[in-house]
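# What the coordinates show
Here is what each chain is made of, one letter per residue.
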Amino acid sequence: MKKIYHNPTGVKKYTGLIFISPFIVGFLLFTLYPFVSSFLLGMTDYNGISPPEFTGFSNYISMFEDEKFRNSLFVTFRYSVILVPLKLVISLIMALILNLEIRGMGLYRTIFYIPSILGSNLAVVIMWQFLFTGDGLVNQFLEFIGIGAVNWYGNENGSLSIIVFLRLWEFGSAMIIFLNALREIPPEYYDAAKVDGCGKMCAFFSITLPMLKDVIFLNLILQLISAMQEFNAPYMITGGGPMKSTYTIGMLIYDEMFKYHNSGYANAVSWVLFVITTVFVLLLFRFTGSHREGNQ
Amino acid sequence: MKKYLISAVSLCSIIILSACSNEKSKNLPDGKLNPCTIRFSWWGGDDRHKATLDAIELWNKIHPEIEIVPEYGGWDGWTEKVSTQLSGGTAPDIMQINYDWLISFSPDGKGFYDLSKLSEHLDLTVFDSDILSFGKVDNILNAVTVSVSGRGMFYNSDVYRRLNAEYPKTWNELFELGEKFRGEDIYPIDLDIQSGGTAWYLAVVYVQQQTGRIFLSMDGELGFTEEDIKLALDFYKELENKHVIRTIDIRTDEDGSAALYQSPKFIDGTIAGVLEWGSSVGKYEMALPEGLLEAGPMLSDDNGNSTGWMIKPSVLYAISKDTKYPDEAAAFMNFLLNDEKCAEVLGTTRGIPASHTAEKSLELSGKLQGLVQENDILLENLDTITISPYMELARMKSFYNDAIEKVSYEKANTSEAAHEMYISINEYLERIRR
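Residues numbered from 1 in each chain as written. Chains lettered and ligands numbered in written order. Predicted model: local features only at pLDDT ≥ 70, side-chain atom pairs only at ≥ 80, totals over all residues. Heavy atoms only, no water.

## Focus on the overall build of chain A
If you tally the helices and strands in chain A, you get 14 helices and two strands. In terms of overall size, chain A is more extended than a compact globule, its C-alpha atoms giving a radius of gyration of 24 Å where 296 residues would be expected to give roughly 19 Å. Taken along its principal axes, the extent of the C-alpha atoms in chain A is 80 × 70 × 35 Å. Taken over 296 residues, chain A has a buried fraction of 42%. Accessible area for chain A stands at about 17,300 Å²; split by element, carbon and sulfur atoms hold 69% of it. Across chain A, 19 positive and 19 negative side-chain charges occur, with their mean positions spaced 12 Å apart. (Helix = DSSP H or I, 4+ residues; strand = E, 2+ residues; numbered from the N terminus. Rg over C-alpha atoms; globule rule 2.2 N^0.38 Å. Buried < 20%, exposed > 50% of the residue type's maximum accessible area, 1.4 Å probe, protein only. Areas by Shrake-Rupley, 256 points an atom, 1.4 Å probe, with all protein chains shown as cover. Lys, Arg positive; Asp, Glu negative; His and termini not counted. Charge placed at Lys NZ, Arg CZ, Asp CG, Glu CD.)

Spelled out as structure tokens, the structure:
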């Protein structure tokens, strides 16, 4: 017999809408409104104080002549290309280790996740100074093992490296996603592979990696978006230097907006960043599409 | 349904309109001091924070009905914070502001409250008219100068005594000290290129002294030629080459992103001197054992020409144009600027007060002493130049820093860097003056 659900007392046509209204209001006010106004402000000359003046696409045109913009775009690409693959590899390795059945593993997982919670706050900045300045712990260690000290902060490659190290150290979020996916892989697959004479490496490449394709892709997208928007770490640790070698596009937007009161230009740059990131993500979807579908 | 909708819209309109009219009437001074809570923000070092918090406590004892909420922090990032607050209409009622903010935030004189309308609570008769003129934009009094200050040389007396050296009086003596200290791996002074931009400041002083030309006029005209800029950059490079200051490469390697006064190298005496505002030297003083930091002579050429040194309003106080409590804010500002007991509590943490009442109070209480006072006297004896507010604009600082960094890292020679800087500065000044 078909079950009949009675409309509970007080439930009317708009009840559902009222329940989801906090989200809708939040979305309209804090996402859609800034999104649209950012685009409009990008077409103005606006210092944040006086009323904006419409200037059409002049901000976008001047971007092409701006050496700082070109440099920051290059720094952001360079940083993303170095960081994203490294972070994926490290977080996957850590997830594999933390997937082992060892006593107290829950505690280890929590400990490894802590750096991701810390972010790049003042305490981390001070710790990084203790680690990477001339007399820091890392250089003491390098000298001890005979490699010799490295000028991390004062050297263009060194300064980018310490930003990358910080973000690598914060592998927790990507690791948790991998870990969850690893635990979803049925153990019977590994048992069957073992019977067929497949070793650990063989099982990793024939079972684990193919089963993780979707999650690797998800992490790749998330990490790429986050790397393209990098601001905190270079702002706090290197100030974008030396010689603008860690001056990401996020820092350029911040400086133009808050330091130089060039709000129109800052909004235009943030839209360019949005478009570039979107294009990258779409390209990744397109080029990895056949592989991911193969998995399904 | 329609009836409800019309009622709701009407109600909202009434609330919004009444709120607007209420706001407007509250924004005008009525001469009365009503109970309220007002926000006061400032930046500075620990010495300034402590003294200001004590001053607020003193105010609370006299006016418990007007609560002051302090908002304070270090200089780095402070402009950005206030800029966001001003853009968003959430600025504190009273703000300690920097000289160049008058151009950035109030180009037409309407960015801050017109203080001339608040004379009932704010006594401006105790300030010289030329001091008051620093805070005027388009003849509207936007801010009141707290103190006038200039950068001076301060040395770690212990290191100089140990190395049997005297504080330099001329540029050549400074260069000689660099060579003398090289063997000990000690630097006679150091200059940062970051937010403070002291490296460019010293180079400008040097060139102004040599050429007699002023870097920037008060209305934002570049007075230096491309050759002058090259001379300034050559001077900077010579400071590095002769071991007077650390190269940027060494400084960032040793300090990371820490400010000079927090640098272990300054604290352990490897850096034996600094160039700093008299009004802000307290943070350096506090980093060393008491009495170790001493003011040194303002450098001159070998003929005793000591022109070129500069002064400016070190900080100013302004009231937000959106404040709901102009009378109360003015009363508190008056307390900070002119109250005798408050002056004693604040001491010289913002420099020697520009208010005659506050200065006299410090003099009578014997608190007009120390490095700030010594630096003030040294500057008083010179033919100083008033700094153009355009010199401290953040974009201008980025031009100086970029050029100095390129020269320091040898990514450009001084001619190339000077050419680039000359073009950038001229283009920018032309744009903002328009």
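## So, the packing of aromatic side chains
Residue and element names in this part refer to chain B. Counted according to the given criterion, the structure contains 48 aromatic pairs over all chains. Ring geometry for Tyr 206 against Phe 235: centres 4.2 Å apart, planes inclined by 15°, an arrangement best described as stacked. Linking Tyr 206 in helix H8 (residues 198–211) with Phe 235 in helix H9 (residues 226–241), this pair joins segments that are 29 residues apart in sequence. Each member of the pair Tyr 206 and Phe 235 is classed as buried. Joined through ring pairs, the aromatic side chains of Phe 40, Trp 42, Trp 59, Tyr 72, Tyr 317, Phe 332 and Phe 335 make up one cluster. Geometry around Phe 175 places Lys 242 over its ring, the cationic atom sitting 5.2 Å from the centre. (Phe/Tyr/Trp six-rings, centres within 6.5 Å; stacked < 30°, edge-to-face > 60°. Lys NZ or Arg CZ within 6 Å of the ring centre and 35° of its normal.)

## A short note on the environment of Met211(A)
Counting through the fold element by element, Met211(A) comes out in helix H10 (residues 200–211). Residue classification places Met211(A) among the partly exposed residues on the basis of a relative accessible area of 33%.

## As for the state of the cysteines
Residue and element names in this part refer to chain A. Taken as a whole and assessed by the stated rule, the structure comprises one disulfide over all chains. Covalent S-S linkage joins Cys 198 and Cys 202, the inter-sulfur distance amounting to 2.0 Å. An S-S torsion of about -110° defines the bridge between Cys 198 and Cys 202 as left-handed. Given the relative accessible area of 16%, Cys 198 is considered buried. The exposure class of Cys 202 is partly exposed, given its relative accessible area of 34%. (Disulfide = S-S within 2.5 Å.)

## Considering the interface of chain A and chain B
Interface extent is often summarised as the accessible area lost during association of the parts. Of the residues lining the interface, 27 residues belong to chain A; the matching set on chain B comes to 25 residues. Summed over both partners, the interface of chain A with chain B buries about 2,300 Å², with 49% contributed by carbon and sulfur atoms. In this assembly, chain A and chain B are joined by five salt bridges. Where Glu256(A) meets Arg395(B), a salt bridge forms, and the shortest distance between an N and an O atom there is 2.9 Å. Counting across the chain A and chain B interface gives 10 residue pairs in polar contact (both at pLDDT 80 or more). Elements that contribute at least two residues to the side of chain A that touches chain B include exactly helix H5 (122–132), helix H12 (232–237) and helix H13 (249–259) of chain A. In the side of chain A that touches chain B, the residues fall into 13 nonpolar, eight polar and six charged. (Contact = heavy atoms within 4.5 Å. Buried area = accessible area lost by both parts, 1.4 Å probe. Salt bridge = Lys/Arg side-chain N within 4 Å of Asp/Glu carboxyl O. Polar contact = N/O pair within 3.5 Å; in protein donor to acceptor, adjacent residues only side chain to side chain. Nonpolar A, V, L, I, M, F, W, Y, C, P; charged D, E, K, R; others polar.)

## Some remarks on the sheet that holds strand S8 (residues 273–277) of chain B
Pairing between the strands of a sheet comes from backbone hydrogen bonds, and it takes one of two forms, parallel or antiparallel. All names here are of chain B. Spatially, S8-S7-S9 is the arrangement adopted by the three strands of the open sheet, whose pairing is antiparallel. The open sheet has two edge strands, S8 and strand S9 (293–295), and neither has a second partner. For this sheet, the mean angle separating the axes of adjacent strands, direction not counted, is 35°. Across five bridges, strand S7 (residues 151–156) lies against S8 in antiparallel orientation. (Pairing = 2+ DSSP bridges. Axes fitted to C-alpha atoms, helices over the stretch in contact; angles between N-to-C directions.)

## Notes on the packing of helix H3 (residues 67–98) of chain A against helix H4 (residues 105–118) of chain A
All names here are of chain A. Close contact between H3 and H4 brings their axes to 10 Å; oriented N to C, the two are set at 160°. Here H3 is positioned roughly antiparallel relative to H4, judged by the angle of their axes. Between H3 and H4 lies a crossing of right-handed hand. Side by side, H3 and H4 meet where Met 94, Ile 97 and Leu 98 of the first sit next to Met 105, Tyr 108, Arg 109 and Phe 112 of the second. Along the lines of polarity and charge, the residues of the contact of H3 with H4 split into six nonpolar, no polar and one charged. (Parallel < 35°, antiparallel > 145°, perpendicular 65-115°, else oblique. Left-handed = near helix turned anticlockwise from the far one by under 90°.)

## Here we look at the environment of Val82(B)
All names here are of chain B. Along the chain, the position of Val 82 falls in helix H3 (residues 78–88). On the basis of relative accessible area, Val 82 is assigned to the buried category, the value being 1%. As for Val 82 and Thr 198, which are separated by 116 residues in sequence, their C-alpha atoms are 23 Å apart. The contacts of Val 82, once residues within four sequence positions are left out, are Met 95 and Trp 101.

## Remarks on the packing of H9(B) against helix H18 (residues 414–433) of chain B
Residue and element names in this part refer to chain B. The geometry of H9 relative to H18 is characterised by a closest axis approach of 8 Å and an angle of 130° between their N-to-C directions. Judged on the interaxial angle alone, H18 and H9 are oblique. Handedness of the H9/H18 crossing: right-handed. The residues of H18 that touch H9, namely those facing Glu 226, Ile 229, Lys 230, Leu 233 and Asp 234, are Thr 414, Ser 415, Ala 417, Ala 418, His 419, Met 421 and Tyr 422.

## Comments concerning H18(B)
Residue and element names in this part refer to chain B. Under the 1.5 Å per step criterion, the end-to-end length of H18 is 28 Å for 20 residues, consistent within 8% with the ideal 28 Å. Inspection of H18 places Thr 414, Ala 417, Ala 418, Met 421, Ile 425, Tyr 428 and Leu 429 among the buried residues, and these make up the whole buried set. Looking straight down H18, one finds its buried side chains confined to an arc of 110°; they lie on one side. Taken together, the buried residues of H18 touch H8, H9 and helix H17 (394–408). (Expected span 1.5 Å × (residues − 1). Arc of directions from axis to C-beta.)

These figures come from the coordinates and say nothing about function on their own.
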